Amino acid sequence: MSKQPRVRFAPSPTGKLHIGGARTALFNWAYARRHGGQFLLRIEDTDPERSTKEFERAILEGLHWLGIQWDEGPDLGGPCGPYRQSEKYPQYREVAKRLLASGHAYHCFCTTERLDKLRAEQEARKERQVYDRLCAKLDPTESARRVAAGEKAVIRFHVPPGETVCIDHIRGDVRFSHEEVDDWVMVRSDGSPTYNFCVVCDDVDMGITHVFRGEEHLVNTPKQVLLYQALGQPMPEFGHLPLMLGTDGKKLSKRTGDTALQDYRDKGFPREAVVNFLCLQGWALDGTSVLFSVDQLVQHFEIKDVQKAGAIFDPEKFRWMAGEYLRKEPLATLVAHCTPFVVEAGLATAEQLSARAKWFEEVVKTEQPRINIYSELPARIAYLFQPDDAVATNDAALAAVRKHANTAQTLRDYREWLAPKIATGVDAAALRDTSKAWAAEKGLKLPAFFQPVRFALSGEVHGADLFDVMVLLGSESVLRRLEAAASRLAAT
RNA sequence: GGUCCCAUCGUCUAGCCCGGCCUAGGACACCAGGUUUUCAUCCUGGCGACAGGGGUUCAAAUCCCCUUGGGAUCACCA
């Protein structure tokens, strides 16, 4: 690398940040950091119909959340601005004028109707559907006159004969014949520039040295490369990242699951897990490490190590990884991450939780091995917030408890035995042994003892350690719930 | 259909560029055990792939060709 690389991520604000885009951003950013270069953010909002400020903000937010910082961008500014394409129309017009003058581009007056008809005919003859260059044959001064007269026209790029090879660090060199490239539209009849045109202008303006983007752009590359040549600008090196695929093997879309980064954030996937997992779609730290940090990514990321084949996005593995990170979180951090979800679920207010901070911390600690994402917590701990005489239950749990005989009696007996022991507080460790001894003495099999008690306390037959649950509930609640369940089981 | 890209366990991948260390490694999932009052966590083991066919070579997952399969893209969208 002769000089510092400059790379960019250039989303168009026509939707929330796609996880594929997030990965593209991540790889670009990692590359810049790895090689001591700059990472820029550019907003490609040349489609006024679909672009919104709202989406732009959401995208920046998503990027921030991932922990990606850019060196130049629409919010930060920089020496190569503006970083929003909608603010650069005068510049594009200038370039188009130059290209027109140098004969690399021409005005095309063909109507949409003629173009449609042309395509239909080519289709019928099973030919390639390309523009027939009718207007390329027009005399430039004649064209200029018609344009001056107010006639609607687009500006097309005049593709010269020949062939070109472009450097792709992932795929190797990609060779293409100019024959295959259409005389594409650079400027629409309303004067607005098109994507392929803006991209090149901007990448030139911003001194971009490496273009890493999704594979769907591979077919655009020839058009863009030709433009670099026409402009007399050095070509950047490319890297077309493998597509992220849905379980159907096709490009990931809303059909096959959540595609927006925000969806995963909203569901409570730990940030580090998202970053880690996204990186694993097409890249690996080494053969064996699955879990790695952003620092490790930056330390080892090489674009040539990126996989060529598309990667099917596996939500299952993603959830597993989320759990791995969640389990490693320091308790205070996990509490902070979970709190909004508990509040959102209506279990308690943030104030109520902070008033019982120590207690809530224990609650979270108890569930930490049992949840994979933050949003799973509320449902699991809801029982702690319910009235002692109205603990929610489900049929399956009830049915399981009913399999045991004399459960009401068991609960009452246990309650009676337990009451004096927890009068001054619950000691989980002590109770664990003595309770089992008590059950044994009563001639109860362990499940016949534990299941009804658990059911009484939480309405479930599965869950955290029973005596930890008692600690969380407190003596009074425990005794009340034991009684309430006994009554209920006796009644039916 | 044209053009382009791709091809290792069901999935993510290591190995491929610079052939031998590959009787192909790791992870998810799955299955079977162990731990636990249950669930989860955790631990152990198992299952399971070089798409097919030709070359080249003493030797090919690795290089070449063909076939097959999959994908992307064919706009005055990005």
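Residues numbered from 1 in each chain as written. Chains lettered and ligands numbered in written order. Predicted model: local features only at pLDDT ≥ 70, side-chain atom pairs only at ≥ 80, totals over all residues. Heavy atoms only, no water.

**Student:** Please give an account of the nonpolar core that cites residues and values.
**Tutor:** Core analysis: the largest hydrophobic core is formed by 53 residues, its most contacted members being Phe360, Tyr414, Leu418, Val453, Leu457, Met470 and Leu482. What Leu482 contacts, discounting residues up to four positions off in sequence, is Leu411, Tyr414, Arg415, Leu418, Val453, Ala456 and Leu457. Ranked by size, the runner-up nonpolar core spans 50 residues in total, among them Leu252, Leu261, Cys279 and Phe318. (Core = buried A, V, L, I, M, F, W, Y, C linked by side-chain atoms within 4.5 Å. Buried < 20%, exposed > 50% of the residue type's maximum accessible area, 1.4 Å probe, protein only. Contact = heavy atoms within 4.5 Å.)

**Student:** So what's going on with the pattern of salt bridges? Residues and values would help.
**Tutor:** On inspection of all chains with the given rule, the structure shows 41 salt bridges. With a shortest N-O distance of 2.8 Å, Arg8 and Asp203 are connected by a salt bridge. Residue Arg8 is found in strand E1 (residues 6-9), and its partner Asp203 is found in helix H6 (residues 195-205); the two are separated by 195 residues along the sequence. Of the residues examined, Arg8 reaches a relative accessible area of 6% and is grouped as buried. Residue classification places Asp203 among the buried residues on the basis of a relative accessible area of 2%. The salt bridge involving Glu151 is made with Arg146; its shortest N-O contact spans 2.7 Å. Connected through salt bridges with shared partners, the residues Arg8, Arg42, Glu44, Lys88, Asp202, Asp203 and Asp205 form a single ionic network. (Salt bridge = Lys/Arg side-chain N within 4 Å of Asp/Glu carboxyl O. Helix = DSSP H or I, 4+ residues; strand = E, 2+ residues; numbered from the N terminus.)

**Student:** Outline the protein's contact with RNA strand B, supporting the account with residue identities and numerical values.
**Tutor:** The immediate surroundings of RNA strand B are formed by 56 residues, with Arg188, Pro369, Lys436, His462 and Asp465 found nearest. Take Arg171: an N or O atom from its side chain is 2.6 Å from a sugar or linking oxygen of RNA strand B. Arg370 is positioned with one of its side-chain polar atoms (N or O) 2.5 Å from a base nitrogen of RNA strand B. At the level of secondary structure, the elements contributing two or more residues to the surface near RNA strand B comprise H6, strand E11 (311-312), helix H11 (315-328) and helix H19 (446-458). It is H11 that provides the largest number of residues to the surface near RNA strand B, a total of four residues. Each residue belonging to the surface near RNA strand B can be placed in one class, and the counts come to 19 nonpolar, 16 polar and 21 charged. (Near = heavy atom within 4 Å. Polar contact = N/O pair within 3.5 Å; in protein donor to acceptor, adjacent residues only side chain to side chain. Nonpolar A, V, L, I, M, F, W, Y, C, P; charged D, E, K, R; others polar.)

**Student:** Which residues make up the side chain of Arg156, and what values go with them?
**Tutor:** On the secondary structure map, Arg156 appears in strand E4 (residues 154-157). It is Asp182 that comes nearest to the buried, bridge-free Arg156 among opposite-charge side chains, at 5.0 Å. In terms of polar contacts, Arg156 uses its side chain to reach the backbone carbonyl oxygen of Asp183, at 2.7 Å. The contact partners of Arg156, leaving out residues within four places of it in the chain, are His104, Ala105, Tyr106, Cys108, Leu115, Tyr131, Asp183, Trp184, Val185 and Met186. (Lys, Arg positive; Asp, Glu negative; His and termini not counted.)

**Student:** Talk me through the packing of aromatic side chains; I want residue IDs and the actual numbers.
**Tutor:** Applying the stated criterion across every chain, the model contains 23 aromatic pairs. Ring geometry for Phe313 against Phe318: centres 5.7 Å apart, planes inclined by 85°, an arrangement best described as edge-to-face. Like Phe313, the residue Phe318 is buried in the burial classification. A cation over a ring is seen here: Arg146 above Phe109, with NZ or CZ 4.1 Å from the ring centre. Positioned above the aromatic ring of Tyr264 is the side chain of Lys267, whose terminal nitrogen or guanidinium carbon lies 6.0 Å from the ring centre. (Phe/Tyr/Trp six-rings, centres within 6.5 Å; stacked < 30°, edge-to-face > 60°. Lys NZ or Arg CZ within 6 Å of the ring centre and 35° of its normal.)

**Student:** So what's going on with H19? Which residues, and what values?
**Tutor:** The end-to-end C-alpha separation of H19 is 18 Å, in line with the 18 Å expected for 13 residues at 1.5 Å each. Most of H19 is tucked away: ten of the 13 residues are buried. Looking only at H19, the buried set comprises Ala448, Phe449, Phe450, Pro452, Val453, Arg454, Phe455, Ala456, Leu457 and Ser458. The secondary structure elements touched by the buried residues of H19 are helix H16 (395-402), helix H17 (407-421), helix H18 (428-441), helix H20 (466-473) and helix H21 (475-491). Just past H19, the residue Gly459 takes up positive phi, approximately 80°. (Expected span 1.5 Å × (residues − 1).)

**Student:** Which residues make up the environment of Phe341, and what are the values?
**Tutor:** With respect to the secondary-structure elements, Phe341 resides in helix H12 (residues 331-344). A sequence separation of 285 residues divides Phe341 from Glu56, and the C-alpha atoms of the two residues are 26 Å apart. Discounting residues that sit within four places of it in the chain, Phe341 has contacts with Arg265, Asp266, Lys267, Gly268, Tyr374, Ser375 and Pro378.

**Student:** Lay out helix H2 (residues 53-66) with the relevant residues and their values.
**Tutor:** The first and last C-alpha atoms of H2 sit 20 Å apart over 14 residues, in line with the 20 Å expected at 1.5 Å per residue. Among the residues making up H2, those that are buried are Glu56, Ile59, Leu60, Gly62, Leu63, Trp65 and Leu66. Here the buried face of H2 lies against E1, helix H1 (19-34), strand E2 (38-41), helix H8 (261-266) and helix H9 (271-280). Gly67 sits one or two residues past H2 and shows a positive phi near 95°.

**Student:** Could you give me a rundown of unusual backbone geometry, with the residues and numbers involved?
**Tutor:** For residues that are not glycine, phi is negative in most cases, and the peptide bond is trans in most cases. The linkage connecting Gly81 with the following residue, Pro82, adopts the cis geometry, with an omega of -5°. Mapping Pro82 onto the fold places it in the loop between H2 and helix H3 (89-101). In the Ramachandran plot, Lys126 falls in the positive-phi region, its phi being about 55° despite a non-glycine side chain. With respect to the helices, strands and loops of the structure, Lys126 is situated in the loop between helix H4 (112-124) and helix H5 (140-148). A positive phi angle, close to 65°, is found at Arg133, a residue other than glycine. Mapping Arg133 onto the fold places it in the loop between H4 and H5. On the basis of relative accessibility, which here comes to 29%, the residue Arg133 falls in the partly exposed class.

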